[in-house]
Amino acid sequence: EPEVTQTPSHQVTQMGQEVILRCVPISNHLYFYWYRQILGQKVEFLVSFYNNEISEKSEIFDDQFSVERPDGSNFTLKIRSTKLEDSAMYFCASSFNRDRGNTIYFGEGSWLTVV
Amino acid sequence: AQRVTQPEKLLSVFKGAPVELKCNYSYSGSPELFWYVQYSRQRLQLLLRHISRESIKGFTADLNKGETSFHLKKPFAQEEDSAMYYCALGTRQLTFGSGTQLTVLP
């Protein structure tokens, strides 16, 4: 079964550094998402992306975050200047459409630790 | 605003016992609800969704609009059911509950 893949699985970075998390969505999917889960807290929606632009974003997704689909396969999340509170598991997800009954498939996550 | 509440952070049952994981939601429109499962060190996987009214791995969930609930049930729990279970609401973006860690004891 096709899967969403994410790299790296774990990254440690110093506060203030830029981080890029990478994702390869399922190949025929058109909608892409990033979610995050701070340790001990809920999985939270960050952003959705369709047709090479952001379609929705949450309050969490402020100016330090950006997303990009640099080529036909990768979907990236960039955090420009990391803060301690950005430490979390970041999940990439994709779906074929957004109709009722649609399934969103998640990757295994990238664990980001900011020190 | 939409909200999902899973009141139990931890739930332990013995193998063969019935299990019910509670989920309540708050949503003004016609809700679309899901249960996702996360086994140890693995990805979030869709377990079931209310719109298809299916049973997966013996689990079922019925949407009760009057009680705004979507509880997950299984009549006979198995040890391999031990995992984190998340109730989620939405289509364009999912709102997750805080999750319930289910442990099935031998």
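Residues numbered from 1 in each chain as written. Chains lettered and ligands numbered in written order. Predicted model: local features only at pLDDT ≥ 70, side-chain atom pairs only at ≥ 80, totals over all residues. Heavy atoms only, no water.

**Q** Help me understand the pattern of salt bridges in this model?
**A** Should their charged atoms come close, side chains of opposite charge can pair. Counted under the stated rule, the structure contains six salt bridges over all chains. Between Glu3(A) and Arg43(B) there is a salt bridge whose closest N-O contact spans 3.3 Å. You can see Glu3(A) sitting in the segment before β1 (5-7) and its partner Arg43(B) sitting in the loop between β5 (33-38) and β6 (45-49), one on each of two chains. Residue Arg43(B) is classed as buried on the basis of its relative accessible area of 12%. Across the pair Glu20(B) and Lys22(B) runs a salt bridge whose closest N-O atoms are separated by 3.1 Å. (Salt bridge = Lys/Arg side-chain N within 4 Å of Asp/Glu carboxyl O. Helix = DSSP H or I, 4+ residues; strand = E, 2+ residues; numbered from the N terminus. Buried < 20%, exposed > 50% of the residue type's maximum accessible area, 1.4 Å probe, protein only.)

**Q** Can you walk me through the interface of chain B and chain A in this structure?
**A** Accessible area lost when the parts come together is the quantity often used to give the size of an interface. With 22 residues of chain B at the interface, the matching set in chain A holds 21 residues. Together chain B and chain A conceal approximately 2000 Å² of surface at their shared face, both sides included; 46% is due to carbon and sulfur atoms. Counting every contact that joins chain B to chain A gives two salt bridges. At the junction of chain B and chain A, the tally comes to eight residue pairs in polar contact (both at pLDDT 80 or more). Elements represented by at least two residues in the side of chain B that touches chain A include exactly β5 and β6 of chain B. Looking at the side of chain B that touches chain A element by element, the count peaks at three residues for β5(B). In terms of residue class, the side of chain B that touches chain A is built from 10 nonpolar, seven polar and five charged. (Contact = heavy atoms within 4.5 Å. Buried area = accessible area lost by both parts, 1.4 Å probe. Polar contact = N/O pair within 3.5 Å; in protein donor to acceptor, adjacent residues only side chain to side chain. Nonpolar A, V, L, I, M, F, W, Y, C, P; charged D, E, K, R; others polar.)

**Q** I keep staring at the layout of surface pockets and nothing clicks. Help me out?
**A** Over the atoms rolls a probe the size of a water molecule, and in doing so it shows where empty space is left. Estimates place the volume of the largest pocket at around 540 Å³. Lining the largest pocket are 25 residues, with Gln37(A), Leu39(A), Gln38(B), Met84(B) and Tyr86(B) sitting closest to its centre. The greatest single-element share of the lining of the largest pocket, amounting to three residues, is contributed by strand β9 (residues 83-89) of chain B. Grouping the constituent residues of the lining of the largest pocket by class yields 10 nonpolar, 12 polar and three charged. Empty space within the second largest pocket amounts to approximately 330 Å³. Lining the second largest pocket are 15 residues, with Glu1(A), Tyr105(A), Arg43(B), Gln45(B) and Leu46(B) sitting closest to its centre. By residue class, the composition of the lining of the second largest pocket is nine nonpolar, three polar and three charged. (1 Å grid on protein atoms, 1.4 Å probe; cavity = no way out; pocket = protein on both sides within 12 Å on 5 of 7 lines; lining within 4 Å. Points joined across faces, edges and corners; volume = space filled by probe spheres on them.)

**Q** Just checking my understanding: could you explain unusual backbone geometry for this structure?
**A** Leaving glycine out, the prevailing phi sign among residues is negative, and the prevailing peptide bond configuration is trans. Following Thr7(A), the chain continues into Pro8(A) via a peptide bond in cis, with omega recorded as -10°. Within the secondary structure layout, Pro8(A) lies in the loop between β1 and β2 (10-13). The residue Thr68(B) is not glycine, and still its phi comes out positive at about 45°.

**Q** Quick question: what am I supposed to make of the packing of aromatic side chains here?
**A** The geometry of an aromatic ring pair is captured by the separation of the ring centres together with the interplanar angle, meaning the angle of the planes. In total, this model carries 16 aromatic pairs over all chains according to the counting rule given. Arranged with centres 5.4 Å apart and planes meeting at 40°, the rings of Phe32(A) and Phe75(A) form a pair that is tilted. Separated by 43 residues along the polypeptide, Phe32(A) in strand β4 (residues 31-37) and Phe75(A) in strand β8 (residues 75-79) bring together distant segments of the chain. On the basis of relative accessibility, which here comes to 4%, the residue Phe32(A) falls in the buried class. A centroid spacing of 6.4 Å and a plane angle of 85° characterise the contact between Phe91(A) and Phe106(A), whose relative ring orientation is edge-to-face. Taken together, the positions of Phe91(A) in strand β9 (residues 88-95) and Phe106(A) in strand β10 (residues 105-106) put the pair 15 residues apart, joining distant regions of the chain. Considered together, Phe91(A) and Phe106(A) belong to a single accessibility category, that of buried residues. By way of ring pairs, the aromatic residues Tyr33(A), Tyr35(A), Phe45(A), Phe91(A), Phe106(A), Phe34(B), Tyr36(B), Tyr86(B) and Phe96(B) are connected into one cluster. (Phe/Tyr/Trp six-rings, centres within 6.5 Å; stacked < 30°, edge-to-face > 60°.)

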